[in-house]
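# A structural walkthrough
Single-letter residue listing:
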Amino acid sequence: MKSVVRFTLEKFNQTSRGKKAVLISTVLLCLATLVILISLNTGTVRVSPLAALQTFLGQGSEQDQIILFDYRLPRILVTVLAGAGLGIAGAALQGITRNALADPGILGLHAGAAFGLMVFVSLSFSMDTSVALLIPLFAFAGSVAAALIIMLLSYDRNSGVSPIKLILVGIAVAAGFHALTLYLSLRLDEDTYSFAARWLAGSVWGRDWIHVQALLPWIVICIAYIWSRSKTLDAFHLGDAAATSIGTPVRSRRILLLLSAVALSAVSVSVAGGIGFIGLAAPHLARRLVGPLHRHLIPAAGLIGMVILVTADTVGRTIFAPNAIPAGVVVAAIGAPYFLYLLVRTK
């Protein structure tokens with residue numbers, strides 16, 4: 001009788017948590033929609049929500065069509081996709097490593113992506129053609145190289161990967177890749193160096209539809225795979241031995257999930273620029289709102305990352321107008337104190 005009551009209570013609690021998570025995710029989706037609408041209406045030339053709707057329906061003025069379709073909408077879509085990608089990549093990395101401080105930027109993955117992008121621009125490819133579709137591939141290669149070095153240096157045959165050692169090795173590897181990136185940047189011509197400097201600062205100025213096309217397929221495929229492995233990420237939280245005992249192929253799933261998280265963070269920063277801390281803050285905020293189950297955590301982290309990046313870009317290009325501040329600088333101004341707060345609280 002007691003076991004029946006306990007089972008009933010557990011099912012009731014799971015159902016209650018699931019309904020709460022759906023409600024919170026719906027609220028976050030509405031908030032993200034509101035932020036996007038505000039961003040569409042914000043700039044040197046304001047476009048009211050009604051005028052924007054008329055433009056989307058093909059009834060707007062020529063000026064509104066140029067402003068929305070040629071300038072604002074591609075930029076906003078890049079921040080939407082990249083914000084969601086960074087938030088979900090951080091949630092996946094924290095689940096894979098069982099490390100509350102895991103973040104693509106802190107672990108050195110962004111530094112590897114920056115090195116890959118610097119190699120790309122050093123080859124003198126044009127940034128205004130379809131060759132820009134290759135940017136995520138170079139960034140992904142750089143991030144994979146950084147991830148391999150970090151895992152090799154932080155792995156111990158007896159104790160596995162220590163969370164603290166992972167962070168320290170990630171910081172050291174990031175410093176090394178930053179040095180290589182700086183060396184390559186000094187060899188660039190003035191125009192290419194200007195582009196690289198804006199990218200490193202996390203600026204999404206000048207993003208076009210080609211960048212949306214380069215980002216979209218990677219984001220969709222990687223997010224879909226990570227979310228489909230939500231139960232595997234939950235099992236990792238129990239430890240490798242317990243996860244293996246319940247039938248989870250730990251090694252193969254960890255490698256595939258790690259590659260997906262690396263790809264997601266790499267392609268996000270390859271188009272949106274060197275933006276950090278979203279992968280750290282978004283999963284923490286989502287975990288407080290919807291709980292630790294990844295089938296709820298992953299969508300919430302993506303929506304929070306989306307809201308943070310779109311808001312940061314909107315704030316950077318409006319409050320400090322006419323001198324726009326890169327979104328990466330705004331995110332860092334908020335994220336750095338939050339990281340210190342988490343560092344103090346984490347044992």
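Analysis parameters
Residues numbered from 1 in each chain as written. Predicted model: local features only at pLDDT ≥ 70, side-chain atom pairs only at ≥ 80, totals over all residues. Heavy atoms only, no water. 1 Å grid on protein atoms, 1.4 Å probe; cavity = no way out; pocket = protein on both sides within 12 Å on 5 of 7 lines; lining within 4 Å. Points joined across faces, edges and corners; volume = space filled by probe spheres on them. Helix = DSSP H or I, 4+ residues; strand = E, 2+ residues; numbered from the N terminus. Nonpolar A, V, L, I, M, F, W, Y, C, P; charged D, E, K, R; others polar. Buried < 20%, exposed > 50% of the residue type's maximum accessible area, 1.4 Å probe, protein only. Arc of directions from axis to C-beta. Contact = heavy atoms within 4.5 Å. pLDDT = per-residue confidence, 0-100. Salt bridge = Lys/Arg side-chain N within 4 Å of Asp/Glu carboxyl O. Phe/Tyr/Trp six-rings, centres within 6.5 Å; stacked < 30°, edge-to-face > 60°. Lys NZ or Arg CZ within 6 Å of the ring centre and 35° of its normal.

Quick look at empty space enclosed by the protein now. Counting across every chain of the model gives two cavities of 30 Å³ or more. Together, Leu 93, Thr 97, Leu 107, Leu 109, Ala 147, Ile 150, Met 151, Leu 166, Leu 258 and Val 262 line the largest cavity. When contributions to the lining of the largest cavity are tallied by element, the ones reaching two or more residues are helix 3 (62-97), helix 5 (135-154) and helix 11 (250-272). Sorting elements by how many residues they give to the lining of the largest cavity places helix 5 first, with three residues. Taken together, the residues of the lining of the largest cavity break down into nine nonpolar, one polar and no charged.

Time to look at helix 7 (residues 190-200). Structurally, the α-helix is built with 3.6 residues per turn, so residues lying three or four positions apart point the same way. Here helix 7 has its buried residues at Thr 192, Phe 195, Ala 196 and Trp 199. Relative to the axis of helix 7, the buried residues are bounded by an arc of 95° and lie together on one face. Packing partners of the buried residues in helix 7 comprise helix 4 (109-122) and helix 11. Where helix 7 ends, the next residue or the one after it, Gly 202, has phi of about 85°, a positive value.

It is worth spelling out the confidence of the model for the protein at this point. In the predicted model, the protein carries a mean pLDDT of 83, and 90% of its residues have values of at least 70. Predicted confidence for residues 1-12 stays below pLDDT 50, and this span has zero contacts to residues more than four positions away or in other chains.

Within the secondary structure, Ser 268 sits in helix 11. For Ser 268, a relative accessible area of 0% translates into the label buried. Look past the residues within four positions of Ser 268 in its chain and what remains in contact with it is Ala 82, Gly 85, Leu 86, Leu 215, Ile 219 and Gly 273.

This part is about the pattern of salt bridges. Applying the stated criterion across every chain yields a total of two salt bridges. Linking Arg 75 and Asp 313 is a salt bridge whose minimum nitrogen-to-oxygen distance equals 2.8 Å. In this pair, Arg 75 sits in helix 3 while Asp 313 sits in helix 13 (residues 294-318), placing the two residues 238 residues apart along the sequence. Note on accessibility: Arg 75 and Asp 313 belong to one class, buried. A salt bridge links Asp 313 to Arg 317; the shortest N-O distance between them is 3.6 Å. With a gap of four residues between them, Asp 313 and Arg 317 both fall in helix 13, about one helical turn apart. Within this structure, Arg 75, Asp 313 and Arg 317 form a network of salt bridges that share partners.

All right, on to the packing of aromatic side chains then. Going through the model one piece at a time under the given rule, you end up with four aromatic pairs. Taken together, a centroid distance of 5.7 Å and an interplanar angle of 80° make the contact between Phe 56 and Phe 69 edge-to-face. Of this pair, Phe 56 sits in helix 2 (residues 49-56) while Phe 69 sits in helix 3; the two residues are 13 residues apart in sequence, bridging distant segments of the chain. Taking relative accessible area as the criterion, Phe 56 reaches 38% and is therefore assigned partly exposed. A relative accessible area of 27% places Phe 69 in the partly exposed class. Ring centres 5.2 Å apart and planes at 65° place the aromatic pair Phe 120 and Phe 138 in the edge-to-face group. Highlighted residues: Phe 120 in helix 4 and Phe 138 in helix 5, separated in sequence by 18 residues. A relative accessible area of 0% means that Phe 120 is categorised as buried. According to the relative accessible area criterion, Phe 138 is partly exposed, its value standing at 23%. Taking the ring centre of Phe 236 as reference, the NZ or CZ of Arg 254 above it sits at 4.8 Å.

Take Arg 229: it is sitting in the loop between helix 8 (209-228) and helix 9 (230-236). By relative accessible area, which is 26% here, Arg 229 ends up partly exposed. Sequence-distant contacts of Arg 229, defined by excluding residues within four places in its chain, comprise Arg 253 and Leu 257.

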